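Coordinate analysis (summary)
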Amino acid sequence: MGRKILFVTSDQQRYDALGCTAKAGTAVARTPTLDGLARDGILYHRAHPQNVVCMPSRATMITGQHVRHHGVWMNGVPLPVDAPSVAQVLHDAGYATALVGKAHFEPFLDPFLRFEENRMAREGRHHNGDGGTGPHRGFDHMDLATHGGQGMTHYARWLAAHHPDHVRDYYAVLDAPTLEVNDAPGGETGAPQTKVNPIPRGLYHTDWVADRAIEWLDSLDADSDWFCWVSFPDPHHPWDPPEDEMRRVDWRDLDLPENFPTGGSDEIERLLADRPAHWSKWWNGELVSNYEAPAKWVPASLTADQVREVNARIHVENELIDEALGRILRAIDARGWGDDTDVVYTTDHGELQGDFGFLFKGPLHVDSLMRLPLIWRPAPSAGVAHADVDAPVGLVDLAPTFCAIAGVPVPEWMDGSALPTSPSATRERVLTEWDSFHPTGVEVHLQTIFRDGHTCTVYEKGTVHDGTEGELYDTNDDPLQRVNRWDDPAYRALRDDLVDDLRASLPPRPDPRSLRRPQAPV
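Residues numbered from 1 in each chain as written. Predicted model: local features only at pLDDT ≥ 70, side-chain atom pairs only at ≥ 80, totals over all residues. Heavy atoms only, no water.

1. Focus: the environment of Pro164
With respect to the secondary-structure elements, Pro164 resides in the loop between helix H6 (154-162) and strand S5 (185-186). Through-space distance from the C-alpha of Pro164 to that of Gly149 is 9.3 Å; in sequence the pair is 15 residues apart. (Helix = DSSP H or I, 4+ residues; strand = E, 2+ residues; numbered from the N terminus.)

2. Description of the environment of Asn259
Locating Asn259 in the fold gives a position in the loop between strand S7 (226-231) and helix H8 (265-273). Looking at Asn259, the relative accessible area reads 5%, which means it is buried. When near neighbours in sequence (up to four residues on either side) are disregarded, Asn259 contacts Gly354, Asp355, Phe356, Leu480 and Arg482. (Buried < 20%, exposed > 50% of the residue type's maximum accessible area, 1.4 Å probe, protein only. Contact = heavy atoms within 4.5 Å.)

3. Remarks on the pairing of strand S14 (residues 454-459)
Side-chain direction in a regular strand flips from residue to residue, so the side chains alternate between the two faces of the sheet. Of all six residues making up S14, six are buried, and the element is well covered by its neighbours. By the bridge criterion, six bridges tie strand S13 (residues 443-451) to S14 in an arrangement that is antiparallel. Looking at the pairing, Thr448 lines up with Thr457 of S14. Of the strand pairs in this sheet, S14 and strand S15 (residues 470-474) are connected by five bridges, and their pairing is antiparallel. Along S15, the bridge assignment pairs Thr455 with Tyr473. (Pairing = 2+ DSSP bridges.)

4. Some thoughts on the pairing of strand S12 (residues 429-437)
Burial of S12 is extensive: seven of the nine residues sit out of reach of the surface. Pairing geometry for S12 and S13, over nine bridges, is antiparallel. Within S13, the residue paired with Phe437 across the bridge is Glu443. Remark: five residues form the turn of the hairpin made by S12 and S13, two consecutive strands paired antiparallel; Gly441 in that turn has positive phi of roughly 100 degrees.

5. Looking at the packing of helix H7 (residues 205-218) against helix H10 (residues 304-334)
Running from N to C, H7 and H10 point in directions that differ by 10 degrees, and their axes come no closer than 9 Å. Compared by their axis directions, H7 and H10 come out roughly parallel. Within the contact between the two elements, H7 uses Thr206, Asp207, Ala210, Asp211, Ala213, Ile214 and Leu217 and H10 uses Leu320, Ile321, Ala324, Arg327, Ile328, Ala331 and Ile332. Residues belonging to the contact of H7 with H10 are distributed by class as follows: 10 nonpolar, one polar and three charged. (Axes fitted to C-alpha atoms, helices over the stretch in contact; angles between N-to-C directions. Parallel < 35°, antiparallel > 145°, perpendicular 65-115°, else oblique. Nonpolar A, V, L, I, M, F, W, Y, C, P; charged D, E, K, R; others polar.)

6. Looking at the nonpolar core
The biggest cluster of nonpolar side chains holds 49 residues, and the ones touching the most others in it are Leu6, Leu217, Trp226, Val230 and Ile328. Of all elements in the fold, only strand S1 (4-10), helix H1 (32-40), strand S3 (96-101), H6, H7, S7, H10 and strand S8 (341-347) reach the threshold of two or more residues within this core. A total of 10 residues in this core trace back to one element, the largest contributor, which is H10. Among all residues touching Leu217, those that are not within four sequence positions of it are Trp226, Cys228, Ile328, Ile332, Arg335 and Trp337. Within the second largest apolar cluster, 48 residues are counted, among which are Val72, Val389, Ala399 and Cys403. (Core = buried A, V, L, I, M, F, W, Y, C linked by side-chain atoms within 4.5 Å.)

7. Section: the sheet that holds S15
Here we have four strands laid out as an open sheet, ordered S12-S13-S14-S15, and antiparallel in their pairing. Here the strands that pair on one side only, and so sit at the sheet edges, are S12 and S15. Taken pair by pair, the neighbouring strands of this sheet meet at an average axis angle of 10 degrees, ignoring direction. Where helix H13 (residues 492-505) meets the sheet, its contacts fall on S12, S13, S14 and S15, and the angle it forms with S13 comes to roughly 105 degrees.

8. Comments concerning unusual backbone geometry
In this chain, Asp234 is followed by Pro235 through a cis amide linkage whose omega measures 0 degrees. Assignment of secondary structure puts Pro235 in the loop between S7 and H8. Even without a glycine there, the phi angle at Gln193 is positive, about 55 degrees. Residue position: Gln193 is located in the loop between strand S6 (191-192) and H7. Taking relative accessible area as the criterion, Gln193 reaches 0% and is therefore assigned buried.

Here it is, written out as structure tokens:
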């Protein structure tokens, strides 16, 4: 049998969120646990998701497949319950398996309990099958949470049962009468989706997830082989960490992000002028092309102080995740497993956090959303040396990596390959794609290749684009991706080569008639 595996994910976290990945002198959040894992393990500097929203990206993590193979092409499209799963592969190999925290393989908005993960929590089960005894997606045990105290998750039911006075402490993600994504201002600056949250630290979902993970690990026999996916819901919006913890970072003291346009609307308009039309149309409020962005919020209304407050709250949430992970690692050491446990840490996608004058996420394939923190600390017993890896890798490579750690063959249905461990690794490219049909009638399709320091995005015809637009950024000379080289004659040959490579490397697109339709907004 292979080594034990602790897989840890955050939700919507930028590459520069950690001490070990932030540019020198710019780190705010203190993340000593993750910095230590990076120091002892492998730090990947070019890890990209295969989609920049939650459900498609998480489906890629569990299947090891590109979006065109697993079929979860946008939020609200459920991953079939019989979809291939790396957890099932490990379970069949003799591993005890658990997922604690945010799964989001199925829609959360599910008042009629159509989906098993919501039924499981509602019925107080932690398994699937008759009587709740069988694994679900290969997991023997699931303790599910998402952001906040409402909804149908194990965490929400626990909070309601044991601390009902705190259920409504969190920001309400959905407006109750309309079920639209809430854009109510909050916090101290009126920033969207912020709230002063009175919940005590010990009841907050980050610590609850750590508690449940430790509880499951402590239930195992000493000689168990196990795979535990710990999935923290933060720092995804809404931004409402426990207010008692906000003393850690005062938003008034923060510098603005390097890529926030301090020149105001004139600078933003210049930045967006040579980009495909949906950039400026979202900024000025003409359209929304992503379910999760509040439909009525206009990015042009964003102020510098609101960016500071949002970032302060995110920094606090990142610190809480790091501390919770430290508790889990100490519990693993206490069981005598520390020398035989691999730890893999990443997130599902990034967050704009003020870059280009935006918050949230959408069909904007730039480093804010596509460049992710990824750390693999192999078990000390494996004898793998520390490395900084610049070669491009993807979340599609996680499932094959888990198979390699466990010593089981990588199934043919996985598209990725095990992560490299050498700083001289020579992987060529990583791919990301987006498809969406918004209820407002907006249709957007784009595909991106990152190769040799260049980010190249092609647009298919939709309701906003005519199929001729594109983006090309030379991150070697333009790390903030402010100059679109798509129409630059000096880059024409490179652009054509990247586009050809992208189209040759992506799996074939399914017939649109075969696509599963969204069942809910989120």
